[in-house]
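Read off the chains here:
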Amino acid sequence: MLPVIWNGLLDILHLWMENLLFINILLSVMIVFFERREPRAVWTWLMLLYFIPILGIFLYFMIGHDFRKEHMFHTKEIEDAIHSAICTQEETIRSDNFHPADPRLRKFSDLVLFNLEAADAVYTADNQVEIFTDGREKFKALYEEIQKAQEYIHIQYYIIREDELWQGLEKALIQKAREGVEVRILYDSMGCRTMGKRVWKRLSREGIQIGEFFPALLRRLQLRINYRNHRKIVVIDGRTAFVGGFNVGREYVGLDPKFGYWRDTHLKMQGSAVLSLHIRFILDWNYATKQNLFEEDRYFQETEGKILGREAVQIISSGPDSKEQNIRNTYLKMISKARKNIYIQTPYFVPDESVLDAIKIAAMSGVDVRVMIPCKPDHPFVYWATYSYVGDLLEAGAKCYTYDRGFLHAKGMSVDGLVSCYGTANMDIRSFKLNFEVNAVIYSVRVSEKLEEIFREDLKHCTQITPYSYGQRSYLIRVKEQFSRLFSPLL
């Protein structure tokens, strides 16, 4: 039996090699004429196909297929209500009747309008936002809210690891399910590939509903390395929501010696923005499970005793099926409006030319631009691409820092102590174009000043990368940087 299989594989390989030139030409025609890619990405793929043909073809089928034109998510049941709210808010801004709680935020009315039109992001001004930078504190708050749940708990994470952190969370969820609380867990197949199927079966037996985003072929064979659902959302009873960078795994609470202390940023929200996050979860759930939770009116009713805060929020999401790169474009808009300072934290800094140029222009215009990245890589290839862009920022006058206390995984930007944008998206091409992400744009002096205060505290655990120290890096590092940067359009 084995010789037959082996001979069959050899025949397939022989056929593949005989038609290698034809396959390369076919893929090249597709890339150049049928897929709307940026010229830099086109040339990168053509180089791979012609100089490393076998590897190039393999990578194209794994990560290169242009998935962005497929419309995946539908909101037919509620789109009329959303459209009505958006139109009302657009008219308010266009008629110059936009009056935020702090008059200084009026200058961002065009950003609000932009997100209304481009991202269908409803503007809500009655939110209370709490910031978490430590995993233990975040999960403690999550457990407390889970204990309060009476109707439903909806959970979505990119990574869930079967370790001690998950064991505690699983126990809490099973207990709530036994109490009659509706529990749903949506996970990404790639991010949770180490989780055994027995875990999901065990949860299903307890009445917990499970959804898998882009399931692997034959359980382990994952053909979609790109187009992962990178969102982390928890919604409880429609009154409380969590969104940010923390996944579920021991490293996120500082228990992995490889990374040490894990520095991240996560947001807890109460107010009308919770509904926007819930709609995002339901859209993903409906697509993954083929259910339709929009038929359940109880998920969209006003919550009694809802906390009315003063923070204004827009929830923006983007993905490969989006017409526009909503999160990336929001960053561009925020950068263009900065007058005093721009603080950026990201584990991966692999921007496209527009984002890089915008940051450089701001720095050269006298804006205090500061960018913080990790001092250690979790993905070396991406890390060296990140480090290559540091030189561009330094030449423009920006200040760059490496976070030395542990691993920096915070993802976001604040501008002038007025507006912030934090969530799941890294500042890289993958997050902007290839992954499904969600961020919160927060129009609040209190929250933005707090995030900038946290940034300045983080500087105490950083090493500044000066033009001199950057120039002293070894030739080996420079080669790694340039090689990684060359393929940055594919990262």
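Within each chain, residues carry numbers counting from 1 in the order of the written sequence. Thresholds applied to this predicted model are a pLDDT of at least 70 for local features of residues and 80 or more for the giving and counting of side-chain atom pairs; totals over whole chains, interfaces and linings are not thresholded and use all residues. Only hydrogens and water are removed before side-chain values are computed, so all heavy atoms of the structure are retained for them.

*Asks:* Can you help me understand the overall build of the protein in this one?
*Replies:* When its secondary structure is counted, the protein shows 17 helices and 18 strands. Residue exposure (1.4 Å probe, protein chains only): buried if accessible area is under 20% of the type maximum, exposed if over 50%, otherwise partly exposed. In the protein, which comprises 491 residues, the proportion classed as buried is 58%. Note on contacts: a residue pair qualifies if any of its non-hydrogen atoms lie within 4.5 Å across the two residues. Sequence separation of 24 or more characterises 80% of the internal contacts of the protein that already satisfy a separation of 6 or more. We count a stretch as a helix when DSSP gives it H or I for four or more residues in a row; a strand needs E for two or more, and each element gets its number in order from the N terminus.

*Asks:* Explain unusual backbone geometry here, please?
*Replies:* Residue F214 is not a glycine yet carries a positive backbone phi of 50°. Along the chain, the position of F214 falls in the loop between β4 (209-213) and β5 (233-236). Backbone geometry at D416 places phi at a positive 60°, although glycine is not the residue there. By secondary structure assignment, the location of D416 is in the loop between β14 (412-415) and β15 (419-423). Here D416 falls in the buried class, since its relative accessible area comes to 5%.

*Asks:* Explanation requested: the packing of helix α6 (residues 109-119) against helix α11 (residues 326-337) in the structure shown.
*Replies:* When two helices pack together, their arrangement is given by the angle between their axes and by how far apart the axes lie. Packing of α6 against α11 leaves a shortest axis separation of 11 Å and a crossing angle of 165°. By the angle between their directions, the pair α6 and α11 is classed as roughly antiparallel. Here the hand of the crossing between α6 and α11 comes out right-handed. For the pair α6 and α11, the contacting residues are D110, L111, F114, N115, A118 and A119 in the first and N326, N329, T330, K333, M334 and K337 in the second. Grouping the constituent residues of the contact of α6 with α11 by class yields five nonpolar, four polar and three charged. Axis lines are fitted to C-alpha atoms, over the contacting stretch for helices. Their N-to-C directions set the angle, which ranges from 0 to 180 degrees. Put simply, angles under 35 degrees are roughly parallel, angles over 145 are roughly antiparallel, angles from 65 to 115 are roughly perpendicular, and the rest are oblique. Each crossing is labelled by how the near helix is turned from the far one, with a counterclockwise turn of less than a right angle marking it left-handed and a clockwise turn marking it right-handed. Note on residue categories: nonpolar means Ala, Val, Leu, Ile, Met, Phe, Trp, Tyr, Cys or Pro, charged means Asp, Glu, Lys or Arg, and polar means any other residue, Gly included.

*Asks:* What is the right way to read helix α8 (residues 164-178) from this model?
*Replies:* Because each turn of an α-helix spans 3.6 residues, side chains separated by three or four positions in sequence point in the same direction. Here the expected span of a helix is defined as 1.5 Å times the quantity of residues minus one. Along its 15 residues, α8 runs 21 Å from first to last C-alpha, staying within 8% of the 21 Å computed at 1.5 Å per residue. Buried-residue contacts for α8 involve α7 (135-148), β2 (152-157), β3 (182-188) and α9 (197-205). The opening residue of α8 is D163, an N-cap whose side-chain oxygen sits 3.1 Å from the backbone nitrogen of L165. G180 lies just past α8 and shows a positive phi near 100°. Throughout this description, a polar contact denotes any pair of N or O atoms lying within 3.5 Å of each other; where both atoms belong to protein, one of them has to be capable of donating a hydrogen while the other can accept it, and for residues adjacent in sequence the pair is counted only when both atoms sit in side chains.

*Asks:* Please explain α7 as it appears in this structure.
*Replies:* In this model, α7 (14 residues) spans 20 Å end to end at C-alpha, consistent with the 20 Å of a helix rising 1.5 Å per residue. Within the sequence span of α7, burial applies to G135, K138, F139, A141, L142, E145 and I146. Angularly, the buried residues of α7 cover 155° about the axis, an arc narrow enough to put them on a single face. In α7, those exposed residues whose orientation departs by more than 90 degrees from the buried face are R136 and K140. On the buried face of α7, the contacting elements are β1 (123-134), β2, α8, β5, β6 (240-244) and β7 (261-270). Capping the start of α7 is the job of one residue whose side-chain oxygen sits 3.0 Å from the backbone nitrogen of R136: D134. It is the directions from the helix axis to the C-beta atoms whose arc is reported.

*Asks:* Looking at this structure, I do not really get the packing of aromatic side chains. What am I missing?
*Replies:* A pair of Phe, Tyr and Trp rings is counted when the ring centres sit within 6.5 Å of each other, with Trp represented by its six-membered ring. The angle between the planes then sorts it: under 30 degrees is stacked, over 60 is edge-to-face, the rest tilted. Under the criterion given, the structure shown has 22 aromatic pairs. On the numbers, 6.0 Å between centres and 75° between planes, the contact of F214 with Y287 is edge-to-face. Residue F214 is found in the loop between β4 and β5, and its partner Y287 is found in helix α10 (residues 273-289); the two are separated by 73 residues along the sequence. Among the residues examined, F214 registers a relative accessible area of 4% and is labelled buried. The exposure class assigned to Y287 is buried, which follows from its relative accessible area of 18%. By way of ring pairs, the aromatic residues Y152, F294, Y299 and F300 are connected into one cluster. Either the NZ atom of lysine or the CZ atom of arginine qualifies as a charge over a ring when it sits within 6 Å of the ring centre and within 35 degrees of the ring normal. Of note, R478 hangs over the ring of Y475, and the distance from its end group to the ring centre comes to 5.6 Å.

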